Amino acid sequence: MGLQVGIDFGTSNSGVAFYTGGQVRILPIDEKNITPEVVKTILYITRDDKSYVGQEAVELYYRHNVNRRRHYVKKRVGEIEYRGSDMFYIQDVYAFVDELLPGRLLQYIKTALRTEGFEGTQVFDRYYTTGDIITIYLRHLKQRAERILGDEISAVTLGRPVKFSLKPEQDKKAQDTLHDAAIDAGFMQVDFELEPVAAALFYEQSLSRPENVLIFDFGGGTLDITIMRLGEPGKRIVYANGGIDIAGSDFDRTIIQKRMLPHFGKGLIDHRHDLMELVYALADWMALPELSVPKAHVQLLQAISNGEAPVRLKRLETLIFNDLAFSFYNAVEAAKITLSSRGASVINMQETDIDIWELYTRAKFEKDILEYRQRIEQVLLETIERSGLDFRQIGAVVKTGGSSNIPMFSELLENLFGKERVKASNAFSSVTAGLGIKASHLR
Amino acid sequence: MINPDKIDEWIQEVEQRPSSAALIIQYIANRLRDLTSRNEELLAENIGLRSGRKVEEYESRIANLEYQLEILKRQIGGEINLMTPAAVEGLSIIAYQVDGKVLRFEVAFRDLASGEILAQIPPENFTEYLHPRLVITSPVEELLFVFDSGRTVNMAVADVPVITAGKASWTSAMLVEPRGGEELAAVLPIARMSLFDFCVQVSRRGYVKKMMRPSFESHVAKNFIGTGVKQKPDRTAGLTFCMKDDLFVLSSREGWLTCQGANEMSYTAEDTLKLSATDHIVSGFSMAKKKSFAVITQNGKVIIREAAWLEKPVSAKGRGQPIFSPARREAGVRVIGAAAVDENDWGAALCSDGCVTAHRLSDLIAAGSLGESSSEKTYLEFVLFNAAVPN
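Cut-off values and rules
- Residues numbered from 1 in each chain as written.
- Chains lettered and ligands numbered in written order.
- Predicted model: local features only at pLDDT ≥ 70, side-chain atom pairs only at ≥ 80, totals over all residues.
- Heavy atoms only, no water.
- Helix = DSSP H or I, 4+ residues; strand = E, 2+ residues; numbered from the N terminus.
- Buried < 20%, exposed > 50% of the residue type's maximum accessible area, 1.4 Å probe, protein only.
- Contact = heavy atoms within 4.5 Å.
- Areas by Shrake-Rupley, 256 points an atom, 1.4 Å probe, with all protein chains shown as cover.
- Axes fitted to C-alpha atoms, helices over the stretch in contact; angles between N-to-C directions.
- Parallel < 35°, antiparallel > 145°, perpendicular 65-115°, else oblique.
- Nonpolar A, V, L, I, M, F, W, Y, C, P; charged D, E, K, R; others polar.
- Buried area = accessible area lost by both parts, 1.4 Å probe.
- Salt bridge = Lys/Arg side-chain N within 4 Å of Asp/Glu carboxyl O.
- Polar contact = N/O pair within 3.5 Å; in protein donor to acceptor, adjacent residues only side chain to side chain.
- Pairing = 2+ DSSP bridges.
- Disulfide = S-S within 2.5 Å.
- Phe/Tyr/Trp six-rings, centres within 6.5 Å; stacked < 30°, edge-to-face > 60°.
- Lys NZ or Arg CZ within 6 Å of the ring centre and 35° of its normal.
- Lys, Arg positive; Asp, Glu negative; His and termini not counted.

### A short note on the overall build of chain B
And step 1. A count of helices and strands for chain B gives six helices and 22 strands.
And step 2. Here chain B holds 391 residues, and 46% of them are scored as buried.
And step 3. Contacts in chain B between residues at least 24 apart in sequence constitute 70% of all its contacts with a sequence separation of at least 6.

Rendered as structure tokens:
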């Protein structure tokens, strides 16, 4: 029988924990990362079918892609039936494929689990289902953990959000996919724990007496809320669970939509629907690769040549066709994170033909995401109501996950519960640690 | 991009959190420093442009490129000829039958004289309904063979073997092979299709369908353009390219004509002429910029009319305008071809004895006929070619 670990498979970041001798240990799974205990949930698959995760994937992606050459070739991708008034034939459908593309970077893998209708994606000549992609990622984590622990890992407790999806069948499908992917990755035994419950288990370690706790797990993909009684390991009670699919990635998208699109022509070329499609796609990391095709490139170059907002469209052209979109998303995310600790930050990107400088204030950010705050407050109040407890009966509010550091949401919790009851757990590792504790019970 | 709204945002942030003021000033100061530095670089570049230093630099580069080009010319042994290819000085006469047999004859254009025999097609039981059809075009053309199933085959004229004079035989003709019951319905030169807006497909029973040129190109690439018919016994009579402002004319064998603006035509097959059971369409042509059109009958008569003679029908299902009197129709006069013409055009007529003769249109207009005909010798087909075609 091998070892048991807990894996927090997060939307933006993941982690692996191992519990031994009454101590939980977060494994330094990504040595290249500034925080080795956190590994980015990013997978990079190269043309020769090799795969990389975390910081290594990011670095390789940059090395391979930024300012590289492209060469598009026409490739058959399928066929459609054509029916005219007096004719019928089957027409082959072709797509322009960049034959020099060295690899494909896959982000927000976890989001694919809850995206209805998304079954997988084509990476070069192979179609990868969502399960295939997750299998590859988990296999990397397993191998790295085995190297660190020096022993084989046979069982895993995986974290899962309270609700992958509001639709029960989609929710079940997501968990089944994740389960099968873990089995395919080489784990012989797989079980699940709700991510906020895992965070609660970690928090429980610091308790000296029983207490009702609200876990506010606000990460990159979802917000999960659990209200439970902790402190007596044999008598844990879950009063209520709640959640909503709003999180860090939605805030990034909002910043891009509300602040960044004018840098790429919005407001000047609104009459050019073909180009505006590209501009709007900037907010959607999944749509952008689909639109970076030769036809769009020609349209952009023609518009630049015709003097239609040439500086901004050149910026757009460079961003899309020099593979700088990933850097752009990182710049936006970094500015957002800075706003958690400072009143202003700058979204800054300096490359050849790109000069973006956007001074962004916390006041404006809070205004931009105000709608989300209202929805989150509603879910929070509904969950508390379902728990049957009133505010005074909840002894502590434990916030975890990167987005829980956004001051607007800390203030929301402090206004409801009082500052002294709101406690910050380790934003990126408390769920992982809790899953490690839970995994130790696997046999 | 700094505008008043953004400055208001910064002020609002400072009002909410005064500690942000220092941070915002610091960010703006850093940005100003960067911009100042960049501005200096641009000013320096501008001075270089105005002083002519950049011009000298580019002149030096051009001189270097010219030198490299000269070296390249010497390496490949002479001047690079960027002129257009030499004009093609000949005509290809393509004769084809419904069973897919195709003959090609060549004639030198310089030697062409009105009344000259262009080719002698072996006569094998020709009738007025079943005879070879003609296409006369340049040897560097591309042909589109259209079957009644809607299937097409592309082939360069040069790929069709040339028949040596006196040795023509249908048994040794090239075969554009029909598939399961297909018949070869039309052949169209397509090398110049990119110059036109539409391709019009006409059926024997008077159905007309236009295709936008890009769509037609796509269909051709897929080797299927559609049958262009709505009734089972019907089939394609011909295809013609035209521009969107052109007037398109149809002529039936019994001498009924109708016309329609190309822009007004339907993209689906629609009937345009009410034909009798024994009648069918023999020609569909575009007037283009020409002022007259010619109608040729099986007894060799040439009827010339001005374009203004044509009247657009009130109803799409009318009988059209008669080109000759009922008495002549009852006497058995039938149309074998019609086309928009001017005096410089050339036409070719196929006779029942297999002779293909060339005729200058100015001579036909003057004479009013192709030549003598008799009960044994009738004309079966008339096609047009003009002086611009051979190039």
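Let's pick the thread back up.
### Here's the deal with the overall build of chain A
And step 1. Per the secondary structure count, chain A includes 15 helices and 20 strands.
And step 2. Burial statistics for chain A: of 443 residues in total, 57% are counted as buried.
And step 3. Taking as baseline every contact in chain A between residues at least 6 positions apart, the subset at least 24 positions apart corresponds to 66%.
And step 4. Entry remark: accessible area of chain A is about 19200 Å², with carbon and sulfur atoms responsible for 49%.

### Section: the packing of helix α5 (residues 195–204) of chain A against helix α15 (residues 430–439) of chain A
Residue and element names in this part refer to chain A.
And step 1. It is the contact of α5 with α15, at a shortest axis distance of 7 Å, that shows an interaxial angle of 80°. With respect to each other, α5 and α15 are oriented roughly perpendicular. In contact with Glu195, Ala198, Ala199, Leu201 and Phe202 of α5, α15 contributes Ser430, Val431, Ala433, Gly434, Leu435, Ile437 and Lys438.
And step 2. Across the contact of α5 with α15, the residue classes tally to eight nonpolar, two polar and two charged.

### Description of the interface of chain B and chain A
And step 1. Opposite the 28 residues of chain B that make contact, chain A presents 27 residues.
And step 2. Summing both sides of the interface, chain B and chain A together bury roughly 2300 Å²; the carbon and sulfur share of this comes to 57%.
And step 3. The largest share of the area that chain B buries against chain A comes from B:Met1, B:Tyr27 and B:Arg31, three residues that together contribute 28% of it.
And step 4. For the interface between chain B and chain A, the tally reads five salt bridges.
And step 5. The partner of B:Lys209 in a salt bridge is A:Asp86, and the shortest N-O contact between them spans 3.4 Å.
And step 6. The tally of links between chain B and chain A comes to 11 residue pairs in polar contact (both at pLDDT 80 or more).

### Points about the pairing of strand β19 (residues 335–341) of chain B
Residues and elements named next belong to chain B.
And step 1. The buried fraction of β19 is high, at seven of seven residues.
And step 2. Sheet topology note: the strand β16 (residues 292–297)/β19 ladder contains six bridges and is antiparallel. Directly across from Ala294, in β19, lies its bridge partner Ala339.

### Things to note about the state of the cysteines
And step 1. Applying the stated rule across the entire model yields zero disulfides over all chains.
And step 2. The thiol of B:Cys351 is unpaired, and the distance to the nearest cysteine sulfur, on B:Cys355, comes to 6.7 Å.

### What about the packing of aromatic side chains?
All names here are of chain A.
And step 1. This structure, assessed with the given rule, holds 21 aromatic pairs over all chains.
And step 2. Seen from their ring centres, Tyr62 and Phe326 are 5.7 Å apart, and the 50° between their planes marks the pair as tilted. In this pair, Tyr62 sits in helix α1 (residues 54–65) while Phe326 sits in helix α11 (residues 325–338), placing the two residues 264 residues apart along the sequence.
And step 3. A relative accessible area of 27% places Tyr62 in the partly exposed class.
And step 4. Residue classification places Phe326 among the buried residues on the basis of a relative accessible area of 4%.
And step 5. An aromatic cluster of at least three residues, connected via ring pairs, comprises Phe216, Phe218, Phe251, Tyr360, Phe365, Tyr372 and Phe409.
And step 6. A cation over a ring is seen here: Lys142 above Phe187, with NZ or CZ 5.7 Å from the ring centre.

### What about the pattern of salt bridges?
Should their charged atoms come close, side chains of opposite charge can pair.
And step 1. The final tally for this structure, using the stated rule, is 39 salt bridges over all chains.
And step 2. Across the pair A:Glu116 and A:Lys167 runs a salt bridge, and its minimum N-O distance is 3.0 Å. With a gap of 51 residues between them, A:Glu116 in the loop between α2 (109–114) and β10 (120–123) and A:Lys167 in the loop between β12 (153–160) and α4 (168–184) connect regions that are remote in the sequence.
And step 3. With a relative accessible area of 37%, A:Lys167 lands in the partly exposed category.
And step 4. B:Asp345 is the salt-bridge partner of B:Lys290, the closest N and O atoms lying 2.7 Å from each other. Remark: B:Asp345 occurs in the loop between β19 and β20 (346–351) and B:Lys290 occurs in the loop between β15 (281–286) and β16; sequence separation between them is 55 residues.
And step 5. Ionic contacts of the salt-bridge type, sharing partners, join the residues A:Arg259, A:Glu358, B:Lys6 and B:Glu9 into one network.

### Observations concerning the sheet that holds strand β14 (residues 211–218) of chain A
Residue and element names in this part refer to chain A.
And step 1. Pairing in this open sheet of five strands is mixed, and the strands run β16-β15-β14-β19-β20 from one edge to the other. Looking at strand neighbours, the two that pair on one side only are β16 (237–244) and β20 (422–424), the edges of this open sheet. On average, each strand axis in the sheet is inclined to that of its neighbour by 20°, with strand direction left out of account.
And step 2. Sitting on the sheet, α5 is in contact with β14, β15 (223–230), β19 (396–400) and β20, with an inclination near 45° to β15.

### Considerations on the side chain of B:Asp279
Residues and elements named next belong to chain B.
And step 1. Along the chain, Asp279 falls in the loop between β14 (270–271) and β15.
And step 2. One buried charge, Asp279, has no salt-bridge partner; the nearest side chain with opposite charge is Arg319, at 5.6 Å.
And step 3. Here the side chain of Asp279 touches Ser252 through a polar contact of 2.7 Å, side chain to side chain.
And step 4. A polar atom in the side chain of Asp279 sits 3.1 Å from the backbone nitrogen of Arg253.
And step 5. When near neighbours in sequence (up to four residues on either side) are disregarded, Asp279 contacts Arg205, Ser252, Arg253, Glu254 and Trp256.

### Brief notes about the sheet that holds strand β4 (residues 133–137) of chain B
All names here are of chain B.
And step 1. Pairing is antiparallel across the open sheet formed by four strands, whose spatial order is β4-β1-β2-β7. At either margin of the open sheet sits one strand with a lone partner, and together these are β4 and β7 (174–175).
And step 2. As judged from the seven bridges shared by strand β1 (residues 90–96) and strand β2 (residues 101–108), these two strands associate in the antiparallel manner. Paired with Leu91 across the bridge in β2 is Val107.

### Quick look at unusual backbone geometry
And step 1. A positive phi angle, close to 45°, is found at A:Ala309, a residue other than glycine.
And step 2. Along the polypeptide, A:Ala309 turns up in the loop between α9 (294–305) and α10 (310–321).
And step 3. Taking relative accessible area as the criterion, A:Ala309 reaches 17% and is therefore assigned buried.
And step 4. Even without being a glycine, B:Asn223 presents a positive backbone phi close to 60°.
And step 5. Within the secondary structure, B:Asn223 is located in the loop between α4 (213–221) and β11 (236–242).

### Quick notes on the packing of helix α6 (residues 248–260) of chain A against α11(A)
All names here are of chain A.
And step 1. At a minimum axis separation of 10 Å, α6 and α11 run at an interaxial angle of 105°. The angle between the axes of α6 and α11 places the two elements in the roughly perpendicular class. For the pair α6 and α11, contact is made by Gly248, Phe251, Asp252, Ile255, Ile256 and Met260 and by Phe328, Tyr329, Val332, Glu333 and Lys336, respectively.
And step 2. Here the residues of the contact of α6 with α11 sort into seven nonpolar, one polar and three charged.

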